[in-house]
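A look at the structure
If you want the building blocks of each chain, they are given just below.
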Amino acid sequence: MSVAPPPPYAEPTNGAYANWSDNIDENEEYKYSFEIPEKPTPAPAYEDAFPIETPKYNDVSFTYTFIATLLGLAFLTYNSYKSSSSDIISFSLNTDGLSKGTKALYTLILVSTITPVLISVSLLILVYCFPMVFLIIGFLLVPLSMFSIAGTMITQGAIFPSLMFGALGIFSLLFMFQNFNRFSFSALMIKLVVNAMNKYPSTIFISILSSLITCIISLVYMVSLIIIVNARITNDDMNCPHTNGNDICLSNTSSFVILFAIFSGCYIFQVLQNTVHVILSGIFSSWYFFDTYDSTVKPKSPALGSMKRAFTYCFGSICFGSLIVSVIQTIRISLQVLKSKMQNARFQRDRDNQMDDSGLLFCFLICIVSILEWIANEFEYWLQWFNRYAYSYLSMYGKPYYESAKDTFEILKYKGIDILINDSLISTAISLYSILSIIITAVVLQLTINFSTLLNEMGPEMLILGGIGSMIICWFIVSSTINVLDVGCVTFMIGLSVDPDAFTRTNAGTASDASIQRLQVWEQMVRYYPGIRERVAIPWPQN
């Protein structure tokens, strides 16, 4: 079925819809393939308010894939622990207490988990109390970091790098000033989400609980990763003919095993983060569609209802999308490690004054790997972008992953909400804070190495792999905690596409406090984006 394209927006002052309207061909028919979503109906039970047309467990094969991954990681950990006698993985108590290797292991784990948990809880408090400050600080971190690096370069006499970083800092500030409308809109969205969090405190509870659960799983995973890596390196090193005292042997089998361990970690944390996303989306959906209704006709326990759906009908779909992202993440990490090894080999050649044609080959290979790493990074970004909206949609309708992703993309584009999504800076701010948390965790880890002897029992290889694991864990802990902001914004965008009248509804002509607040937000959005009122009200094509 094909229909005429929807009418374009009136051009707003910020020019956001210029490209959209210029690309419309009035003679071209608009082709779509999405299934028109049914509007949720008020009901005391979550299952009745957001009914599934044909309830079934979707994408079950990927649930089995996730379980198999967990069992594989557990088997490798147990096998490595039993086959290794190294002090670094000895958990027994001797007469002097804990062994030095165990102390080093515990120190690495505690620094890698406690630091991001403290950061994430602090950020959650900041956004809850000062939403606008949260957004501004997040983007000021970029120019401030650039100016700090420039100042450090000047003190070391590096004039050109200092000028380059200073220029980047100035460009970052110019970006903030030129995109003031986007900051205003994003701040409005954050305030709206915080208002929803006030009305549904379960969102805050689940965010903090997810941080603690992620921390616990991180502790277990870090121990597992270190046990596996140490056992493989120790086993290969004993059977290796050393050319000097510093080289390390690692067989192809061990490389594959370590790669699988890294993939397992990415997969576990992706599933955890996306499960929390689906649960939070169910709560925000109840807020969007039924906040203005009387308490007797809206879902009484949306958190429990969405949690049940996440772990039953939607869990296979969660595992499906998480698997795709995890594979890309593993490829990206592998490329980063490969590039690092190639750069080290090149520096070693330069230090040994080996002047031959292989230097040019190293440069060429490093460039190729860098390009592949960039492609993997972009692919990962867009996959996660699709997943965010797909998971919020399937939390409402319980559809399989692929259908949810396809329908969500087309529905948002048909209703013109993709323009608002592009102008939202919330996910960017969350990413910036996640990067900041990684930097802070790395600094704490470095200070621990420099000013204490707790990590001296670990070799450099173990510290490097432990550092990579801690960075992954830190990212997931912080992003999963403050991701409640992005989930609220994403769910709002989808709700606005499905039923825009639900946001401005009043009860029998009487406006409650909730209705007044929503109307005020809506009028501000109309001022930012003139014409949005007509665009979201476009009727669905008739089948």
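What this report covers is the structure whose coordinates are included nearby. Please read all numbers here as calculations on a predicted model, not as lab measurements.

Some points on the packing of aromatic side chains
For the coordinates displayed, the defined rule picks out 30 aromatic pairs. Ring centres 6.5 Å apart and planes at 65 degrees place the aromatic pair tryptophan 287 and tyrosine 288 in the edge-to-face group. For tryptophan 287, a relative accessible area of 3% translates into the label buried. Above the ring of tryptophan 287, the side-chain terminus of arginine 518 is found at 5.0 Å from the ring centroid. The ring of tyrosine 288 carries the charged tip of arginine 518 above its face, separated from the ring centre by 5.9 Å.

Points about helix α5 (residues 131-155)
Between its first and last C-alpha atoms α5 spans 36 Å; for 25 residues at 1.5 Å apiece the expected length is 36 Å, and the two agree. Every buried residue of α5 is accounted for by Pro131, Phe134, Leu135, Gly138, Phe139, Pro143, Met146 and Ala150. Looking at the residues trailing α5, positive phi occurs at glycine 157, about 85 degrees.

With respect to the pattern of salt bridges
Tallying each qualifying case throughout the model produces 10 salt bridges. The closest approach of N and O atoms between arginine 332 and glutamate 380, which form a salt bridge, is 2.6 Å. Here glutamate 380 lies in helix α12 (residues 358-397) and arginine 332 lies in helix α11 (residues 315-351), a separation of 48 residues in the sequence. An identical accessibility class is assigned to arginine 332 and glutamate 380; each is buried. Residue lysine 399 pairs with aspartate 407 through a salt bridge whose shortest N-O separation is 2.9 Å. Relative accessible area serves as the criterion here: at 12%, lysine 399 is assigned to the buried category. Overall, aspartate 407 belongs to the buried group, its relative accessible area being 3%.

A look at the packing of helix α9 (residues 252-290) against helix α10 (residues 302-310)
In the contact formed by α9 and α10, the axes pass within 8 Å of each other and the chain directions differ by 140 degrees. As the angle between them shows, α9 and α10 are arranged oblique. Where α9 crosses over α10, the handedness of that crossing is right-handed. Residues Thr275, Val278, Ile279, Gly282, Ile283 and Ser286 of α9 lie in contact with α10, whose contacting residues are Pro302, Ala303, Ser306, Met307 and Ala310.

Reading the values: rules and limits
- Residues numbered from 1 in each chain as written.
- Predicted model: local features only at pLDDT ≥ 70, side-chain atom pairs only at ≥ 80, totals over all residues.
- Heavy atoms only, no water.
- Phe/Tyr/Trp six-rings, centres within 6.5 Å; stacked < 30°, edge-to-face > 60°.
- Buried < 20%, exposed > 50% of the residue type's maximum accessible area, 1.4 Å probe, protein only.
- Lys NZ or Arg CZ within 6 Å of the ring centre and 35° of its normal.
- Helix = DSSP H or I, 4+ residues; strand = E, 2+ residues; numbered from the N terminus.
- Expected span 1.5 Å × (residues − 1).
- Salt bridge = Lys/Arg side-chain N within 4 Å of Asp/Glu carboxyl O.
- Axes fitted to C-alpha atoms, helices over the stretch in contact; angles between N-to-C directions.
- Parallel < 35°, antiparallel > 145°, perpendicular 65-115°, else oblique.
- Left-handed = near helix turned anticlockwise from the far one by under 90°.
- Contact = heavy atoms within 4.5 Å.

All we've got here are geometric facts, nothing functional implied.
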